Amino acid sequence: MRLQRAQLGLLAALAATIPVSVFAAEIALALGVLVFAARLLRREARLEPTPLDAPLLAFAVWTLLAASFAANPRAAHEDTKELVLFAVFYLAANVLSRAPDRERVLAALLMGGIALGASMVADHLVLGHDTLARRPSGFLGHWMSASGVVMGVLVAAAARLALGPARRPRPRDAWLAVALLAGVGVVALLDRAGAGVLPTRLFVAALATGAIALALSGRAAVRAAGDLLPWVALPVTAWALVISQTRNAWVGAVVGLAVVAVMRAPRLLWALAATVAVLLLVRPTAVTSRLTITDQSSIDRYYQWQAGVDMIVDKPVFGQGPGMILTAYPGYRWPEAPNPDTPHLHNNALQIAATRGLPGLAFFAWWMVVALATALAEARRARVDSPAGWPAVAALGGLVAILMAGMFEYNLGDSEVLMLALLLTSLPFARRRERAGV
């Protein structure tokens, strides 16, 4: 039982730190895997098969094969290290087979999302990160990663408010959210003063510790504070998403929120449409300046996609190899392309097909179809089961949002977004385990 609680706490720390620190999240994942292995050895847990095993294994094996046939196998194999992040799915699917545990881990994710969103807003207001060349990225290293994660958290928060337990927020329960926002504000001010990375590291450590406490505490005041988090996460992440000026995340968020609206009540689509219309009428500069497809970034994406198709035609079986786009692109670049090089092709499907061949794309599609089908089935059941079923809707909306955004960005190439996607993917499978009594 102690190991099981430790595993739950580490998964909560993982969920909370995905939005703020890849390094911290990977440490939590490594420790969680070690605890899970100990539980397996002591026969306190079982590694149950899932419908996702075959596509994940096929995709991983083909990725390694593609790396072996790349022009630079050593560099290509180095790029395949993110395959170890698949452990997030298996760890979470095992740990989250109880509804209260799913609630607590998702509350930890909302904590991290609030921290990331607030730090992006602080970047914008305090540090002046308000241009396309210097967009707010918060705790993460790049604005694309930051916008992809806040997009997923935004959809999860909306699912919690739309389908979760109906609990009215009380001012006295706001202490946790206030502490998060205050901590982010202090870090931003110290960053502006040139205090270095120490305040950020201390904040991340405190966030992970708080997430563990939130997951393991039985106190009513702590649970009530967790219930208030989605009310704060929704506006904070929405604000951060707008000022990120990241169009692919905007598209993903709108579609993901539409999925949540349909699962709750289709008439809510009118409310979503009204919100978008009001945003367009207000015409904030961060939005209106990006409503174009004739800018250099859009034009470059078009020619990158053309080069990607040429790469696939040239090497349809194993592709160029993982991580090889930057090296291979100059040989396929169309003369009209504005930029001479690119590290990826700004599209998940094209990137995977170009680096792993058409079989790799087929295995990826298999993986996504199984994940979405399971999420859809559990989301439909959640509508009639109980409010505790909202994580399945969050999973469905979040995965759809990530895939839609991935039509214009290789977002699954970001460790933060990939870990978030795997965490969300695990939720419907964990619900199935709960019903099966595993």
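Residues numbered from 1 in each chain as written. Predicted model: local features only at pLDDT ≥ 70, side-chain atom pairs only at ≥ 80, totals over all residues. Heavy atoms only, no water.

Turning next to the overall build of the protein. Each helix and strand in the protein was counted, giving 18 helices and zero strands. The globule rule puts the C-alpha radius of gyration for 438 residues at 22 Å, and the 21 Å found for the protein is close to it. Each principal axis of the C-alpha distribution contributes one length, and for the protein these read about 65 × 55 × 50 Å. Expressed as a percentage of contacts within the protein between residues at least 6 apart in sequence, the contacts between residues at least 24 apart total 79%. As presented, the protein carries roughly 18,900 Å² of accessible surface, and 65% of it is formed by carbon and sulfur atoms. The positive charge centre, built from 38 side chains, and the negative charge centre, built from 26, are 11 Å apart in the protein. (Helix = DSSP H or I, 4+ residues; strand = E, 2+ residues; numbered from the N terminus. Rg over C-alpha atoms; globule rule 2.2 N^0.38 Å. Contact = heavy atoms within 4.5 Å. Areas by Shrake-Rupley, 256 points an atom, 1.4 Å probe, with all protein chains shown as cover. Lys, Arg positive; Asp, Glu negative; His and termini not counted. Charge placed at Lys NZ, Arg CZ, Asp CG, Glu CD.)

Under the counting rule described, the total for this entry stands at 14 aromatic pairs. Seen from their ring centres, Phe59 and Phe364 are 6.3 Å apart, and the 50° between their planes marks the pair as tilted. Linking Phe59 in helix α3 (residues 53-68) with Phe364 in helix α16 (residues 348-385), this pair joins segments that are 305 residues apart in sequence. Overall, Phe59 belongs to the buried group, its relative accessible area being 6%. Aromatic pair Phe89 and Phe429: ring centres 5.3 Å apart, planes at 85°, arrangement edge-to-face. Of this pair, Phe89 sits in helix α5 (residues 87-95) while Phe429 is found in helix α18 (residues 415-436), placing the two residues 340 residues apart along the sequence. (Phe/Tyr/Trp six-rings, centres within 6.5 Å; stacked < 30°, edge-to-face > 60°. Buried < 20%, exposed > 50% of the residue type's maximum accessible area, 1.4 Å probe, protein only.)

Let us look at the side chain of Thr17. Structurally, Thr17 can be placed in helix α1 (residues 2-17). According to the relative accessible area criterion, Thr17 is buried, its value standing at 1%. A distance of 2.7 Å separates a polar side-chain atom of Thr17 from the backbone oxygen of Ala13. Excluding anything up to four places from it in sequence, Thr17 contacts Ala24, Ala25, Val204 and Ala208. (Polar contact = N/O pair within 3.5 Å; in protein donor to acceptor, adjacent residues only side chain to side chain.)

The subject of this paragraph is the packing of α1 against helix α6 (residues 99-125). Running from amino to carboxyl end, α1 crosses α6 at an angle of 30°, the nearest separation of the two axes being 7 Å. Relative to α6, α1 is oriented roughly parallel. Regarding α1 and α6, the two cross each other, and that crossing is right-handed. Contacts between α1 and α6 involve Leu8, Leu11, Ala12, Ala15 and Ala16 from the former and Asp101, Val105, Ala108, Leu109 and Gly112 from the latter. Of the residues in the contact of α1 with α6, the class split is eight nonpolar, one polar and one charged. (Axes fitted to C-alpha atoms, helices over the stretch in contact; angles between N-to-C directions. Parallel < 35°, antiparallel > 145°, perpendicular 65-115°, else oblique. Left-handed = near helix turned anticlockwise from the far one by under 90°. Nonpolar A, V, L, I, M, F, W, Y, C, P; charged D, E, K, R; others polar.)

The next point concerns the environment of Ser244. In this structure, Ser244 sits in the loop between α10 (220-243) and α11 (247-264). Considering only alpha carbons, one finds Ser244 and Ala76, 168 residues apart in sequence, at a separation of 31 Å. Filtering out sequence-adjacent residues up to four positions away, Ser244 remains in contact with Met120, Arg135, Pro136, Ser147 and Trp250.

Looking now at empty space enclosed by the protein. The tally for this structure, following the rule as stated, stands at two cavities of 30 Å³ or more. Taken as a whole, the largest cavity holds about 60 Å³ of empty space. As for the largest cavity, its lining consists of Arg46, Leu47, Glu48, Thr50, Tyr90, Ala93, Asn94 and Arg433. Across the lining of the largest cavity, the residue classes tally to three nonpolar, two polar and three charged. Along the walls of the second largest cavity sit Met144, Gly148, Met151, Asn248, Ala405, Glu409, Asn411, Asp414 and Val417, which together make up its complete lining. With three residues, helix α7 (residues 143-163) is the single largest residue contributor to the lining of the second largest cavity. Along the lines of polarity and charge, the residues of the lining of the second largest cavity split into four nonpolar, three polar and two charged. (1 Å grid on protein atoms, 1.4 Å probe; cavity = no way out; pocket = protein on both sides within 12 Å on 5 of 7 lines; lining within 4 Å. Points joined across faces, edges and corners; volume = space filled by probe spheres on them.)

Once that is clear, we can look at the layout of surface pockets. As a volume, the largest pocket reaches approximately 1,100 Å³. Sorting the residues of the lining of the largest pocket by element identifies α7, α10, α11, α12 (268-282) and α14 (296-314) as the ones contributing at least two each. Taken together, the residues of the lining of the largest pocket break down into 29 nonpolar, six polar and four charged.

Time to look at the environment of Pro165. Here Pro165 lies in the loop between α7 and α8 (175-192). For Pro165, a relative accessible area of 17% gives the class buried. Taking the C-alpha atoms as reference, Pro165 lies 39 Å from Val197; in sequence the two are 32 residues apart. If near-sequence neighbours (up to four positions away) are discounted, Pro165 is found in contact with Glu103, Arg160, Pro387 and Trp390.

Bringing the confidence of the model for the protein into the picture now. On average, the protein scores 91 in pLDDT, and the residues at 70 or more come to 98%. Taking the mean pLDDT of every element in the protein, the minimum, 70, falls on helix α13 (residues 285-288) and the maximum, 97, on α3. (pLDDT = per-residue confidence, 0-100.)

Turning to the nonpolar core, a few remarks are in order. By size, the foremost hydrophobic cluster in this structure holds 115 residues, and its most contacted members are Leu11, Leu14, Leu229 and Trp367. With residues up to four places along the chain from it excluded, the contact list for Leu14 reads Ala25, Ala28, Leu29, Val88 and Met419. Ranked by size, the runner-up nonpolar core spans 13 residues in total, among them Met311, Tyr329, Tyr332 and Ala354. (Core = buried A, V, L, I, M, F, W, Y, C linked by side-chain atoms within 4.5 Å.)

Attention shifts here to α7. Relative to the 30 Å expected for 21 residues at 1.5 Å per residue, α7 spans 30 Å between its end C-alpha atoms, a close match to the ideal helical length. The element α7 is extensively covered by neighbouring structure, given that 19 of its 21 residues are classed as buried. (Expected span 1.5 Å × (residues − 1).)

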